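Residue-level listing of the chains:
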Amino acid sequence: MTKSLDPKEIEASRRSASRTERRNQKRQQIQEDIVRNQSGNGVIIIPPQKKMETPDELPKLRVAAYCRVSTQEEQQVGSFDMQVLHFTKRIEGNPNWILVEIYQDEGISATTVEKRLGFQKMIADAVDGKIDLILTKSISRFGRNIVDILNNLRTLSALNPPVSVEFETDGITYTGDGKNNLLIALLSALAEMESQQKSEAIKAGIRWRMAAGIYKFSVQNTLGFYRDHFGRLVIEPTEARIVEYIYESCLEGASPSEIAAALTEQGIKSPMGKDCWLPDTVRSILRNEKYCGDALMQKTYTKDFRTHKSVKNTDLNMYFKENHHTAIIKKEDWIKVQEILAVRRDSKKVATLRRLTNRFIVSRVKDGLFQGYFILDSRWSAAERKEFLQIINETLNLKNERN
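Visitor: Can you tell me about the overall build of the protein, naming the residues and giving the values?
Guide: Across its full length, the protein carries 12 helices and 13 strands. Here the protein holds 403 residues, and 33% of them are scored as buried. The long-range share in the protein, meaning contacts at least 24 apart out of those at least 6 apart in sequence, stands at 61%. Accessible surface, the protein as shown: approximately 26200 Å² in total, 53% of it carbon and sulfur.

Visitor: Account for the packing of helix 8 (residues 237–251) against helix 10 (residues 279–287), with residues named and values stated.
Guide: It is at 10 Å that the axes of helix 8 and helix 10 come closest, and there the two elements cross at 90 degrees. By the angle class used here, helix 8 and helix 10 are roughly perpendicular. Residues Val-243, Ile-246, Tyr-247 and Cys-250 of helix 8 form the contact with helix 10, whose participating residues are Val-282, Ile-285, Leu-286 and Arg-287. Classifying every residue of the contact of helix 8 with helix 10 gives 7 nonpolar, no polar and 1 charged.

Visitor: Describe the nonpolar core, naming the residues involved and giving the relevant values.
Guide: In this structure, Ile-246, Tyr-247, Trp-277 and Tyr-291 are the most contacted members of the largest nonpolar core, which totals 35 residues. Every element with two or more residues in this core is listed here: strand 7 (233–235), helix 8, helix 9 (256–265), helix 10, strand 8 (295–297) and helix 11 (331–343). Ranked by size, the runner-up nonpolar core spans 22 residues in total, among them Ile-131, Leu-153, Leu-156 and Phe-167.

Visitor: Pulling in residues and values, what's your account of the pattern of salt bridges?
Guide: Across all of its chains, the model carries 13 salt bridges by this definition. We note a salt bridge from Lys-121 to Glu-101, for which the minimum N-O separation is 3.0 Å. Separated by 20 residues along the polypeptide, Lys-121 in helix 4 (residues 117–127) and Glu-101 in strand 2 (residues 97–106) bring together distant segments of the chain. A salt bridge links Arg-283 to Asp-280, with the shortest nitrogen-to-oxygen separation between them at 2.6 Å. Residue Arg-283 and its partner Asp-280 are both found in helix 10; the two are separated by 3 residues, about one turn of the helix. What makes Arg-283 buried here is its relative accessible area of 18%. Since its relative accessible area comes to 55%, Asp-280 is described here as exposed. By sharing partners, the salt bridges in this structure join Glu-101, Lys-121, Asp-125 and Lys-130 into a single network.

Visitor: Give a detailed account of the side chain of Thr-222, specifying residues and quantitative values.
Guide: Structurally, Thr-222 can be placed in the loop between helix 7 (181–212) and strand 6 (225–227). Other than its neighbours up to four places away in sequence, Thr-222 contacts Glu-239, Asn-288 and Tyr-291.

Visitor: Describe in detail helix 8, supporting the description with residues and values.
Guide: Between its first and last C-alpha atoms helix 8 spans 21 Å; for 15 residues at 1.5 Å apiece the expected length is 21 Å, and the two agree. Within helix 8, 11 of the 15 residues are buried, leaving the element largely enclosed by the surrounding structure. Those residues of helix 8 not exposed but buried are Pro-237, Thr-238, Glu-239, Ala-240, Ile-242, Val-243, Tyr-245, Ile-246, Tyr-247, Ser-249 and Cys-250. Immediately downstream of helix 8, the backbone of Gly-253 shows phi near 110 degrees, a positive value.

Visitor: Describe the sheet that holds strand 5 (residues 172–174), with residues and values.
Guide: As summarised here, the arrangement of the 5 strands in space is 2-1-3-4-5, forming an open sheet in which the pairing is mixed. Edge positions in the open sheet fall to strand 2 and strand 5, since each of these has one partner strand only. Strand-to-strand twist of the sheet, defined as the mean angle between neighbouring strand axes without regard to direction, takes the value 20 degrees. Relative to the sheet, helix 4 contacts strand 1 (61–69), strand 2 and strand 3 (133–136), its axis offset from that of strand 2 by approximately 150 degrees.

Visitor: Requested: an account of the packing of aromatic side chains, with residues and values cited.
Guide: Considering all chains together, one arrives at 5 aromatic pairs under this definition. Arranged with centres 5.2 Å apart and planes meeting at 75 degrees, the rings of Tyr-66 and Phe-119 form a pair that is edge-to-face. Here the residue Tyr-66 occupies a position in strand 1, and Phe-119 occupies one in helix 4, the gap between them amounting to 53 residues. Considered together, Tyr-66 and Phe-119 belong to a single accessibility category, that of buried residues. Residues Phe-142 and Phe-167 carry aromatic rings whose centres are separated by 5.7 Å and whose planes lie at 85 degrees to one another, so their mutual orientation is edge-to-face. Here Phe-142 is found in helix 5 (residues 139–142), whereas its partner Phe-167 is found in strand 4 (residues 164–167), with 25 residues between them in sequence. Taking relative accessible area as the criterion, Phe-142 reaches 1% and is therefore assigned buried. Exposure remark for Phe-167: the relative accessible area of 0% places this residue in the buried category. The lysine or arginine in question, Arg-116, covers the ring of Phe-119, its NZ or CZ lying 4.3 Å from the ring centre.

Visitor: Tell me what's going on with unusual backbone geometry, and back it up with residues and numbers.
Guide: Along the chain, Asn-160 connects to Pro-161 via a cis peptide bond; the corresponding omega equals 0 degrees. With a phi angle near 55 degrees, Asn-323 is a residue other than glycine that sits in the positive phi range. Assessed through its relative accessible area of 58%, Asn-323 is described here as exposed.

Visitor: Can you explain the environment of Glu-101? Please cite residues and give values.
Guide: For Glu-101, a relative accessible area of 29% gives the class partly exposed. Taking the C-alpha atoms as reference points, Glu-101 and Tyr-66, 35 residues apart in sequence, are found 8.6 Å from one another. Setting aside residues no more than four positions away along its own chain, Glu-101 makes contact with Val-63, Ala-64, Ala-65, Lys-121 and Asp-125. Here Lys-121 takes part through its side chain, which lies 3.0 Å from a polar atom of the side chain of Glu-101.

Conventions we followed
Residues numbered from 1 in each chain as written. Predicted model: local features only at pLDDT ≥ 70, side-chain atom pairs only at ≥ 80, totals over all residues. Heavy atoms only, no water. Helix = DSSP H or I, 4+ residues; strand = E, 2+ residues; numbered from the N terminus. Buried < 20%, exposed > 50% of the residue type's maximum accessible area, 1.4 Å probe, protein only. Contact = heavy atoms within 4.5 Å. Areas by Shrake-Rupley, 256 points an atom, 1.4 Å probe, with all protein chains shown as cover. Axes fitted to C-alpha atoms, helices over the stretch in contact; angles between N-to-C directions. Parallel < 35°, antiparallel > 145°, perpendicular 65-115°, else oblique. Nonpolar A, V, L, I, M, F, W, Y, C, P; charged D, E, K, R; others polar. Core = buried A, V, L, I, M, F, W, Y, C linked by side-chain atoms within 4.5 Å. Salt bridge = Lys/Arg side-chain N within 4 Å of Asp/Glu carboxyl O. Expected span 1.5 Å × (residues − 1). Pairing = 2+ DSSP bridges. Phe/Tyr/Trp six-rings, centres within 6.5 Å; stacked < 30°, edge-to-face > 60°. Lys NZ or Arg CZ within 6 Å of the ring centre and 35° of its normal. Polar contact = N/O pair within 3.5 Å; in protein donor to acceptor, adjacent residues only side chain to side chain.

Shown next as structure tokens:
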């Protein structure tokens, strides 16, 4: 029979052994195990077996590149073309790479990805498994919004297999293994800060030019005006005739709704080239001070540099310059129209409007090789063409006399 334990003896032995002694015993045991393992009785490390591939068996990487510039100025066009050429040569010159595509966004801001269609297509192709590696010039070319940059990189690294991104000038390759995460986050934050500083500098320059009265506001969708090759504001006679028709109709008692309906019925294109005129479009033309030669600047402003969305200005200074440019409408007529709009809503009474003479409805080419030329109606007679050219010459002579 097994001998019984003596609990009193055991407890006495436990109390006699101090905590320090037990710790020293444990340390001595560990040292003895280390010495024994170092003598060849320890763990054997077995490395994984790797298949030795010959160069012919190595799969070629499917490589894409992303190129972007934020403006369409001539110097940026050269930079953009050089980016495309550089990456095309680099990828095609590597025998282990296959060129997938050079994805491009020219003249597009990088603060958000909504308008960067080339970038969106690249990410979609990567998700579809068409790309192994993406090359781009720098993190600032990949994006200038830290959230978008990191989200897209995480999307690429989460793929199976993951898609790597090489930022050439930054000397970083993102593979999703966590090695460069902190550095990329810092550089992304710097790119966003640089974008914000550039936006603030541009806005400050614009406001300075507004205060000095030399700001060249856009007239891209302003009926009756265009800017010539020197940036000068010039009246477009044919469109100016439509503006005069709108103001004259209003002074004769027609509402914006009635004027819009009359222009639509006559087949006159809207400022945006639409077949149908809206009352709000007519109303905005009637309220636009530029038609009487004045200029009210900073009616809207960009509140958030990331979205580039313009909002109505209720917080910042506006800048007004009287007699800023040659007027289409007399000042007294413009003031009368403002009084009419201030006291009257669209009338329910249908007014009878005269038709706008069709022979004056022509289009002027505003850009491209034929900028400044008019597209004439083939149905015009020789007399009508002569009359039109006479109107153009009289307008240009009047403008030269005023200058």
